[in-house]
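A look at the structure
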Amino acid sequence: RDVFRWTSDRQDIDAVVAALGKAQTLENVTLDKCKLRDEGVEKIMQGIKAGNHINLKKLSLRQNNMGNKGAESLVFLLQKSTTLEELDISENAIS
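The residue numbers shown here count from 1 along each chain, following its written sequence. Reporting in this predicted model follows two pLDDT cut-offs: at least 70 for local features of residues, and 80 or more for side-chain atom pairs to be given and counted; totals over whole chains, interfaces and linings ignore these cut-offs and use all residues. Hydrogens and waters are ignored; side-chain quantities use all the structure's heavy atoms.

What about the overall build of the protein?
- Under the scheme used here, helices are H or I runs from DSSP no shorter than 4 residues and strands are E runs no shorter than 2 residues, and both carry numbers assigned from the N terminus. In terms of regular secondary structure, the protein is built from four helices and four strands.
- In sequence order, the secondary structure elements of the protein are arranged as β-α-β-α-β-α-α-β.
- The buried share of the protein, reckoned over its 95 residues, is 40%.
- Pairs of residues are marked as contacts when any of their non-hydrogen atoms sit within 4.5 Å. Contacts in the protein between residues at least 24 apart in sequence constitute 82% of all its contacts with a sequence separation of at least 6.
- Computed with a 1.4 Å probe, the accessible areas rest on the Shrake-Rupley method; for each residue, only the protein chains presented here act as cover. As displayed, the protein offers around 5,500 Å² of accessible surface, 44% of which is attributable to carbon and sulfur atoms. Note on classification: 1.4 Å probe, protein chains only; a residue is buried when its accessible area is under 20% of the maximum for its type, exposed when over 50%, partly exposed between these limits.

Notes on the pattern of salt bridges
- Counted as salt bridges are all cases of a side-chain nitrogen of Lys or Arg within 4 Å of a carboxyl oxygen of Asp or Glu. Under the criterion given, the structure shown has five salt bridges.
- With its nearest N and O atoms 3.3 Å apart, the salt bridge here joins Lys43 to Asp14. Of this pair, Lys43 sits in helix H2 (residues 37–50) while Asp14 is found in helix H1 (residues 13–22), placing the two residues 29 residues apart along the sequence.
- Since its relative accessible area comes to 34%, Lys43 is described here as partly exposed.

Regarding H1
- Three or more residues of H1 are buried, namely Ile13, Val16, Val17 and Leu20. For H1, the buried positions fall inside an angular range of 100° around the axis, keeping them on one side. Exposed and oriented more than 90 degrees from the buried face of H1 are Asp14, Ala15 and Lys22. It is the directions from the helix axis to the C-beta atoms whose arc is reported.

Remarks on H2
- Under the 1.5 Å per step criterion, the end-to-end length of H2 is 20 Å for 14 residues, consistent within 8% with the ideal 20 Å.
- Every buried residue of H2 is accounted for by Asp38, Gly40, Val41, Ile44, Met45, Gly47 and Ile48.
- Of the residues one or two after H2, Asn52 is the one with positive phi, at around 55°. Expected span of a helix: the number of residues minus one, times 1.5 Å.

Details of the environment of Asn52
- Within the fold, Asn52 resides in the loop between H2 and strand E3 (58–60).
- Classification of Asn52 by relative accessible area gives exposed; the value is 54%.
- Residues Asn52 and Leu20 lie 32 residues apart in sequence; the distance between their C-alpha atoms is 9.4 Å.

Keep in mind that these numbers describe shape and distance, not what the molecule does.
Spelled out as structure tokens, the structure:
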């Protein structure tokens, strides 16, 4: 299983996005409590899209103070993925 887990704060987000873009395969991405906010989630989704990781099984973005704009950036994954089994966006600021 390919797992990507990061629990730091947002200061290293560009490095995370670069790593996501270069990863060969990913099944599980956990980015909980990283203070990503909308901008960070949008960048993360750009990295996932750049790496063509639509085959994710699990994506967890809990407790990142993500709002509606960040949630909207997830749409492409939800539309393209046929393998996503679990998406956790709980404890965010989505209205």
